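Here is what each chain is made of, one letter per residue.
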Amino acid sequence: MSYPGYPAQAGGYPPQAGGYPPQAGGYPPQAGGYPPQAGGYPPQAGGYPPQAGGYPPQAGGYPPQAGGYPPQPGAGGYPAIPPADSWGGGAGFPTFGLDNLSNPGFNAGNLPAMPGGQMPQPQGPGMGYPGQPRPGYPRAPSPNPSMPGYGGGPAPNQPMPVYPQAPSPNPSMPGGGAIPVSPAINRGFRGSIKDHPGADPLRDVEVLRKAMKGFGTDEQAIIDLLGSRSNIQRVPMLAAFKTSYGKDLVKDLKSELSGNFEKLVLAMLKTPAQLDAYELKDAIKGAGTDEACLIEILSSRSNAEIREISMVYKTENKKSLEDAISGDTSGHFRRLLISLAQGNRDERETVDISVAKQDAQALYAAGENKVGTDESKFNAILCARSKPHLRAVFHEYQQMCGRDLEKSIDREMSGDLESGMVAVVKCIKNTPAYFAERLYKAMKGAGTKDKTLIRIMVTRSEVDMLDIRQEYAKTYGKSLYTDISGDTSGDYKKLLLKLCGGSD
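Residues numbered from 1 in each chain as written. Predicted model: local features only at pLDDT ≥ 70, side-chain atom pairs only at ≥ 80, totals over all residues. Heavy atoms only, no water.

**Some details on the overall build of the protein**
Part 1 of the argument: Within the protein, the regular secondary structure consists of 22 helices and zero strands.
Part 2 of the argument: Taking all 504 residues of the protein together, 40% fall into the buried category.
Part 3 of the argument: Contacts in the protein between residues at least 24 apart in sequence constitute 69% of all its contacts with a sequence separation of at least 6.
Part 4 of the argument: Of the accessible surface of the protein, which amounts to about 26,000 Å², a share of 53% is contributed by carbon and sulfur atoms. (Helix = DSSP H or I, 4+ residues; strand = E, 2+ residues; numbered from the N terminus. Buried < 20%, exposed > 50% of the residue type's maximum accessible area, 1.4 Å probe, protein only. Contact = heavy atoms within 4.5 Å. Areas by Shrake-Rupley, 256 points an atom, 1.4 Å probe, with all protein chains shown as cover.)

Here it is as structure tokens:
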């Protein structure tokens, strides 16, 4: 980029050899401090910048200075270098990593050297600079309030420079600076159910009331309505029905519907957190525990979703989710579930390959390369590290020992812990493929696991159902739509196919 009156630089930022200003020993200049003494910058007559008409800009230039540039002692002075903490990420100011930073006031931490040229722009939500309300170019506070315009970013209508995102250090992930990587490509909305334009819950409940009033029930009207509304449009129908008719919609639906169709309709009228909390309670209560359901929900939800589920669970059951898990499970499997239920996984999109290699080696040393298995090491890495980081760990593990981590877990563990750990790895490695496998197993063979089928079709219909359908067709050679059609029937099948959204 260039500022008005300021000569353009070739080579981008940071400058290459021969760029501006030429220094021996890198930037900032050594002995003599800044500004340099006689013979330094600015150079004398005939040097750079050119005199007469060059820089500093005359009246109207940037920034306007009284007394020329650089300001002399006694005329306001040169702005002091901010203290180290303000350069290390505090007060919303980004941390930069530059080569050969020897200025004692600059805290570069463990950041890696930046190669020359223009750096990639941070991508994806949450990839902006720390302390900023949104991603983009940070407007750093002026180091010297007496110099208006200083440190305020680029001049209007000028291209903005691009700096790399420097993640904050994570004590639990040693091993040097992080290497920024692009997050998974955001291909837009990947659900099968979208918001219906102009939906009105008061008008929608009139349709439901009419469908249930009188002799018999118009199930097709219920299917057409609920199958074309998103969750955020369906849930308000509960309050709208009570407002309009003074009756409970759930009770009316229970009295009119039955079987799996009733269960599917009622699941669609819960918020995602309510449905997950209900499913977790159902998986824990009574004789036996649906361990696969517990792992499915806790390994596939974000931190914010898990925390909301925990709040809803405690509100509705007068008991914390963690206490419920502790009372119904044991051993290392209990520890795995409790770790996942904290909703405290690292969610940064950056990956440090050196740390990924260390984690892969640690997993190998804890399993394949020792007598017995250190389950705690598996637990610590699989439950705390970010999903992009773990995908790198899985790749490094495969490269290192020639075996998938799932295969190693199968060899080293058994029972619920084995199936739980494998499910966590599969879900993190490829979430749509994990759910495609869960759906396939729910329908294959004699009988159908309708609870699993309903839960996944409802919870993923607005998240990644299109990707699940693709993985299903790729893995099993037929469409999810076809298998649902052949394995279910009646109104239940019709509403499931609405959630599926089409055949592949």
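From this point on, the discussion continues.
**A word on the confidence of the model for the protein**
Part 1 of the argument: Per-residue confidence for the protein gives a mean pLDDT of 76, with 62% of residues at or over 70.
Part 2 of the argument: Contacts from residues 1-186, a stretch scored under 50 in pLDDT, to residues over four places away or in other chains number 195 contacts. (pLDDT = per-residue confidence, 0-100.)

**Some points on the pattern of salt bridges**
Part 1 of the argument: The tally for this structure, following the rule as stated, stands at 25 salt bridges.
Part 2 of the argument: Two residues, D282 and K285, come together in a salt bridge whose shortest N-O distance is 3.5 Å.
Part 3 of the argument: A salt bridge links E437 to K441, with the shortest nitrogen-to-oxygen separation between them at 2.9 Å. Of the two residues, E437 and K441 both sit in helix α18 (residues 431-443), four residues apart, roughly one turn of that helix.
Part 4 of the argument: The class of K441 is partly exposed, set by a relative accessible area of 45%.
Part 5 of the argument: Among the charged side chains, a salt-bridge network with shared partners connects E279, D282, K285, E296, R438, K451 and R455. (Salt bridge = Lys/Arg side-chain N within 4 Å of Asp/Glu carboxyl O.)

**Overview of the side chain of T289**
Part 1 of the argument: The residue T289 is located in the loop between α8 (272-284) and α9 (291-300) in this model.
Part 2 of the argument: Owing to a relative accessible area of 17%, T289 belongs among the buried residues under this scheme.
Part 3 of the argument: Among all residues touching T289, those that are not within four sequence positions of it are A283, I284, L294 and D328.

**Let's talk about helix α10 (residues 303-317)**
Part 1 of the argument: Helix length check: α10 (15 residues) gives 21 Å between terminal C-alpha atoms against 21 Å at 1.5 Å per residue, within 8%.
Part 2 of the argument: Restricting attention to buried positions, one finds in α10 the residues N303, I306, I309, V312, Y313 and N317.
Part 3 of the argument: Contacts made by the buried residues of α10 are with α8, α9, α11 (321-328) and α12 (331-341).
Part 4 of the argument: K318 lies just past α10 and shows a positive phi near 55°. (Expected span 1.5 Å × (residues − 1).)

**Let's talk about the packing of aromatic side chains**
Part 1 of the argument: A complete count under the given rule lists six aromatic pairs for this structure.
Part 2 of the argument: Ring geometry for Y434 and F435: centres 5.2 Å apart, planes at 70°, overall edge-to-face.
Part 3 of the argument: Classification of F435 by relative accessible area gives buried; the value is 0%.
Part 4 of the argument: Here the aromatic residues Y440, Y472 and Y476 are joined through ring pairs into a cluster of three or more.
Part 5 of the argument: Between R209 and the ring centre of Y245, over which it is positioned, the NZ or CZ distance is 5.4 Å.
Part 6 of the argument: A cation over a ring is seen here: K270 above Y278, with NZ or CZ 4.9 Å from the ring centre. (Phe/Tyr/Trp six-rings, centres within 6.5 Å; stacked < 30°, edge-to-face > 60°. Lys NZ or Arg CZ within 6 Å of the ring centre and 35° of its normal.)

**Observations concerning the packing of α18 against helix α20 (residues 465-476)**
Part 1 of the argument: In contact at an axis separation of 8 Å, α18 and α20 are set at 65° when each is read in the N-to-C sense. Crossing geometry of α18 relative to α20 is assigned as right-handed. Here α18 contributes P432, A433, F435, A436, E437, L439, Y440 and M443 to the contact with α20, which in turn contributes D467, I468, E471, Y472 and Y476.
Part 2 of the argument: The residue inventory of the contact of α18 with α20, partitioned by class, reads 10 nonpolar, no polar and three charged. (Axes fitted to C-alpha atoms, helices over the stretch in contact; angles between N-to-C directions. Left-handed = near helix turned anticlockwise from the far one by under 90°. Nonpolar A, V, L, I, M, F, W, Y, C, P; charged D, E, K, R; others polar.)

**Quick word on unusual backbone geometry**
Part 1 of the argument: One non-glycine residue, K318, lies in positive phi territory at about 55°.
Part 2 of the argument: Here K318 shows up in the loop between α10 and α11.

**Quick look at the packing of helix α19 (residues 450-460) against helix α22 (residues 490-500)**
Part 1 of the argument: Where α19 meets α22, the closest approach of the two axes is 9 Å, and the angle between their N-to-C directions is 35°. In this structure, α19 meets α22 at a crossing whose hand is left-handed. Counted together, D450, L453, I454, M457 and V458 of α19 and Y492, L496, L499 and C500 of α22 form the full contact between these two elements.
Part 2 of the argument: The residue inventory of the contact of α19 with α22, partitioned by class, reads eight nonpolar, no polar and one charged.

**Thoughts on the side chain of R385**
Part 1 of the argument: Structurally, R385 is set in the loop between α14 (375-384) and α15 (387-401).
Part 2 of the argument: A polar side-chain atom of R385 sits 2.8 Å from a polar atom in the side chain of D359. (Polar contact = N/O pair within 3.5 Å; in protein donor to acceptor, adjacent residues only side chain to side chain.)

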